Amino acid sequence: MAVSIKGGAVQAASAVSVGDGRRRTSTRAPTASGQRRAPARDPSRHNPSPWSSTGQRGFTGRTGSAFRTRPRVKAKDIAPLPQFNKISPQGSLPPSFPPALSRGAKEGANLHTGSDRNLFIPATLKAKTKGEVCNTINKKYEEFIPSLKNGEDLVNQVVEISMEIDVLKSQIENEVQRDLRVAVTEFSELKQQLEKSTVLLSVLTQLHEFDTALETHQQALLEKNYTKSAEHLNKAQHNLNLLKSRKGVELKMLQVLGTELIVQKEKLLYHLGEEWKQLAVWNLPPSPAPTKAEDLFRWTLKTELRLCNMTSRRKSDLETLLLSILQGFAILGELNRKLKFFSQILLKYILKPLVVEPSLDVEIELRANDAVLRFSAVKSKCEHELPAKVYLKITTVLEFLYQHLLHIPLWVSVDRKEKQDINLAELLGGMIWEELSEIIIKNCLVFSIPANSSQLELYEEVIKATDKFEEKLKEMQFLQNHSTDLLKYARNVNVHFASKKCQDVIVTARNLMTSEIHNTVQISADSRISIPKLPSLGLVSKVKVPVISNIVPRDMVTLGSGKQLSSRTMCLPTCRISQSVQTLMELAYQTLSEATSATPECAVQLFYTVRNMFHLFYDVVPTYHKETLQKLPQLAAIHHNNCMYIAHHLITLGHQFQYRLPSPLCNGAATFVDFVPSFRRLGTECFLAQLRTQRDELLERLSTARNLSSLEDADNYSAANKAVRQVIHQLKRLGKVWQDVLPVHIYCKALGTLLNTAITDIVNKITMLEDITSESADGLYALCRTILEEGPGIFQPLLEESKNKTFQEEIPIYVPKWLKFQELMMVLQANLQELLDRWTDGKGPFAAEFSPIEAKNLIRALFQNTERRAAALAEIK
């Protein structure tokens, strides 16, 4: 049997078991989900018939139950079913029975057919099988036909409903959507009108509020209720800002409203300013300030500040008015500007003069309605006021301001919702504290720092006074807890002491370096620099001082005959140095002495300040005194002595204080030896430059002697004599300016070098002459005799004449060419034989001073060309 329903209908088929035990496959209908059914089960496993309610998955066994899970089925998709009657008992099928089922029945009747042809089936079994098949078919058709009819009815209903749905759909598409578009258009228009009406209503509301705020402001202004007036001005400003911020709202009247609001605000500020002028009155001295100190002091005394007297009987009325004025300024945002201007005047005309001028004091007068603060003059011998007195004056002024002005509580709105409190004292303190602290530090605390380390303990009183001053300001709310700049400065007294000390040392040293060099003092081997008593080594440093053993090592060589070095072997020779340089070295010793008793940080700073002082000398003095050192020989000599004096002390300066200084100075860093070569070179180069200048002047004067030729001519002799006299005069002048200034050995060496230069130039010029007549020889001899007689008189290193004779006798030591010069004089007066006798085969005095070439040139110039001269020249080899 097979049933087919098109368009998702049910298909059913069955396989009938035959006698040979095989099973036939039949077509299977898809399930409700569109999947194929599982294969038919083997009848031997008692599989229910495909027509049973459990075996047929396409039908549920109930009428119309399968159609509820299927998609919509149209009537035209259902195939017509065959019409048949019940099967006769004999097993004959109706003519209209489906061919497939009819073939199955015939195959079932022919039981002898199958794969196994030899199998025999009894007739009773065949009849029994036919009966069962007929019963089964009849039973299934009795149940299926009602279900089929119900399904057909449902299909018809579904078709009708589908048609109605299609009609409704077409009506919606044609009519409802058209009406919907019309409704949406109308809704959009109404929405736009509503938005315009809402905006218009909001604008009108804000305009009304703006107008109301201005009217209330004017009424409050007439009543002098400045707080209420300012609040409504702020409200009007807020409404105007909202109107301007709206997009698409461009009213010409907004500009007019803005102008009116500005006018009303300026009007309120004018009234507030006038009221403020009555409550806080400044009487200031006329500008500009005088330049003279006395006039400036009298000019400062004219300053006066008048405030409302908050201790009078009218305190409540005055306080209410003051509160209204200040609150009006705060609401309008002008309070900071007013207080800033007030603070600047307060600093310039009251606080700063009190700090700078010790002769000023504060005087307060309380009247019926106002309180007056003014200055009064007091006598003071101090150049700078003590910190404690300065703190007292400033505290008096700030207490006056707090009592009569700054105690008023104010507020300001934040985002028009919250109110934030304003502390006037804190606001004013934030404006003036930084500058006031700087004024106190620069004009008071700096000068209170002790100049000596022994006075540091007394500075503890200043620290306590500063601490109390800041605590007082914090009580009056002028300062916050973190504002301790002034106290930090006072507590760092060691650092500031070191900085101030170093600064004072450098300033003093520079002043000494730029002072006059010619103010001199004489130093000798007995000269000493006074050094303060140094602290004990145990209190300063724990570094072990090396112990000097008295036992002489075996490898040490002793002086012969048991002689020892003189006690003055390492002493500086007697000379003159600048008084400023001596003071400079004393300053260095005193500074290092203070470093030994100072804190480690301060000691290190002081030590390097002394080093910087010598660095400064090396750079400043040669530059600052450059012209005078080049022009004046005496100053060049003094500068030379200054540099040697400083270098002499620098050799041992660091070692004297090394073990009394903190680490790392005590470990070998405390030394000045590295300066010694630089200072010696500085002095030597300056003095050598002066010697070169003097040498050039001497040679320039000798150049006017016309090469000492043809002295038989009176003019030539006069020029040569003048040049020699000028040389002698210049050397004597140098001897006078260097007398008692340079050390004796430097003095003699310097003058000997210059005299030797002049003599060498004269000797060279004479030996280069080609012809010397007897008259010229006499003139040359006369010139040389002048130098020979007056030359020793140049050497006068000491003021006492009797002591200078020794140095004059030792002139050949300082003038290397002096003996040659004397020999030249002998040559000028000797005859040819005497010259040969003094030559003595190159072993005589003539040969010792002159070379053979020079000797021959002199002989050729002095004597005529004869056989005797030729013989003499031949002997000179």
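This structure is a prediction, so every number in the text was calculated from the model and none was measured. (Residues numbered from 1 in each chain as written. Predicted model: local features only at pLDDT ≥ 70, side-chain atom pairs only at ≥ 80, totals over all residues. Heavy atoms only, no water.)

Looking now at the sheet that holds strand β3 (residues 360-366). Pairing is antiparallel across the open sheet formed by 4 strands, whose spatial order is β1-β2-β4-β3. The two strands at the open ends of the sheet, each matched to only one other strand, are β1 (281-283) and β3. If you compare each strand with its neighbour and ignore which way they point, the axes differ by 20° on average. Sheet analysis places β3 next to strand β4 (residues 370-377), joined by 7 bridges and oriented antiparallel. Residue L360 lies in a different strand from β4, and its bridge partner there is A377. Where helix α8 (residues 387-406) meets the sheet, it contacts β2 (304-308), β3 and β4, and its direction lies at approximately 25° from that of β3. (Pairing = 2+ DSSP bridges. Helix = DSSP H or I, 4+ residues; strand = E, 2+ residues; numbered from the N terminus. Axes fitted to C-alpha atoms, helices over the stretch in contact; angles between N-to-C directions. Contact = heavy atoms within 4.5 Å.)

Here we come to the side chain of E594. Positionally, E594 belongs in helix α14 (residues 579-597). Only 3.2 Å separates the side chain of E594 from the side chain of K501, close enough to count as a polar contact. (Polar contact = N/O pair within 3.5 Å; in protein donor to acceptor, adjacent residues only side chain to side chain.)

Right, let's talk about the environment of E383 for a bit. Residue placement: E383 occurs in the loop between β4 and α8. For the pair formed by E383 and V356, sequence separation is 27 residues and the distance between their alpha carbons is 9.2 Å.

Time to look at the nonpolar core. Burial of nonpolar side chains together is a common tendency in soluble globular proteins. If you look at the biggest cluster of nonpolar residues, it comprises 137 residues, and the most contacted ones within it are I350, L401, I440, M613 and F614. A total of 12 residues in this core trace back to one element, the largest contributor, which is helix α9 (residues 424-448). Here L401 is in contact with L305, L307, F342, L346, L406 and L428, once residues within four sequence places are set aside. Ranked by size, the runner-up nonpolar core spans 70 residues in total, among them L702, A705, L751 and L862. (Core = buried A, V, L, I, M, F, W, Y, C linked by side-chain atoms within 4.5 Å. Buried < 20%, exposed > 50% of the residue type's maximum accessible area, 1.4 Å probe, protein only.)

Taken as a whole, the second largest pocket encloses approximately 670 Å³ of empty space. If you go around the second largest pocket, you meet 29 residues; those closest to its centre are M570, C571, L572, H648 and H649. Of all elements in the fold, only α14, α17 (633-657) and α20 (744-767) reach the threshold of two or more residues within the lining of the second largest pocket. Sorting elements by how many residues they give to the lining of the second largest pocket places α17 first, with 10 residues. In terms of residue class, the lining of the second largest pocket is built from 16 nonpolar, 11 polar and 2 charged. (1 Å grid on protein atoms, 1.4 Å probe; cavity = no way out; pocket = protein on both sides within 12 Å on 5 of 7 lines; lining within 4 Å. Points joined across faces, edges and corners; volume = space filled by probe spheres on them. Nonpolar A, V, L, I, M, F, W, Y, C, P; charged D, E, K, R; others polar.)

Here we take up the confidence of the model for the protein. Low-pLDDT stretches of the model should not have their predicted coordinates read in fine detail. For the protein, per-residue confidence averages 80 on the pLDDT scale, and residues scoring 70 or more make up 80% of the total. Counting contacts from residues 1-120, a segment whose pLDDT is below 50, to residues more than four positions away or on other chains yields 146 contacts. In the model, residues 537-562 has pLDDT below 50 throughout and makes 18 contacts with residues more than four positions away in sequence or in other chains. (pLDDT = per-residue confidence, 0-100.)

This part covers the environment of I759. When you line up the elements, I759 lands in helix α20. The sequence separation of I759 and F821 amounts to 62 residues, and the corresponding C-alpha distance is 6.8 Å.

This paragraph deals with the pairing of β2. Most of β2 sits out of view: 4 of its 5 residues are buried. Here 3 bridges tie β1 to β2, and the two strands are oriented antiparallel to one another. Of the residues in β2, the one forming a bridge with N283 is E304. Bridging between β2 and β4 involves 5 bridges; their strand directions are antiparallel. Among the inter-strand pairings, E304 is bridged to a residue of β4, identified as R374.

Next up on the list: the packing of aromatic side chains. Tallied over the entire structure, the rule returns 19 aromatic pairs. Note on F617 and F679: the rings are 5.7 Å apart at their centroids and 25° apart in plane angle, and the pair reads as stacked. Of this pair, F617 sits in helix α15 (residues 600-624) while F679 is found in helix α18 (residues 676-702), placing the two residues 62 residues apart along the sequence. Take F617 and F679: they sit in the same class, and that class is buried. F679 sits in the buried class, given a relative accessible area of 0%. (Phe/Tyr/Trp six-rings, centres within 6.5 Å; stacked < 30°, edge-to-face > 60°.)

As a further point, take the pairing of strand β7 (residues 520-523). Residues in a regular strand point their side chains to alternate faces of the sheet. With burial as the criterion, only one face of β7 is covered, namely that bearing V521 and I523; the residues T520 and Q522 on the opposite face remain uncovered. For β7 and strand β8 (residues 575-578), the ladder comprises 4 bridges, and the chain directions are antiparallel. Among the inter-strand pairings, Q522 is bridged to a residue of β8, identified as R576.

Okay, the pattern of salt bridges next. All told, the structure shown has 24 salt bridges when counted by the stated rule. Across the pair R306 and D370 runs a salt bridge whose closest N-O atoms are separated by 3.1 Å. Placement of the pair is R306 in strand β2 and D370 in strand β4, with a sequence separation of 64 residues. Taking relative accessible area as the criterion, R306 reaches 23% and is therefore assigned partly exposed. Among the ionic pairs, R374 bridges to E365, the shortest N-O distance being 2.8 Å. Here E365 falls in the partly exposed class, since its relative accessible area comes to 30%. One continuous salt-bridge network, built from bridges that share partners, spans E304, E365, R367 and R374. (Salt bridge = Lys/Arg side-chain N within 4 Å of Asp/Glu carboxyl O.)

The next subject is empty space enclosed by the protein. Taken as a whole and judged by the stated rule, the model has 7 cavities of 30 Å³ or more. Approximately 90 Å³ is the volume attributed to the largest cavity. As for the largest cavity, its lining consists of 14 residues, and the residues nearest its centre are L512, M513, S580, V581 and F617. Elements with a minimum of two residues in the lining of the largest cavity: α12 (493-513), α14, α15 and α17. Here the lining of the largest cavity is composed, by residue class, of 8 nonpolar, 6 polar and no charged.

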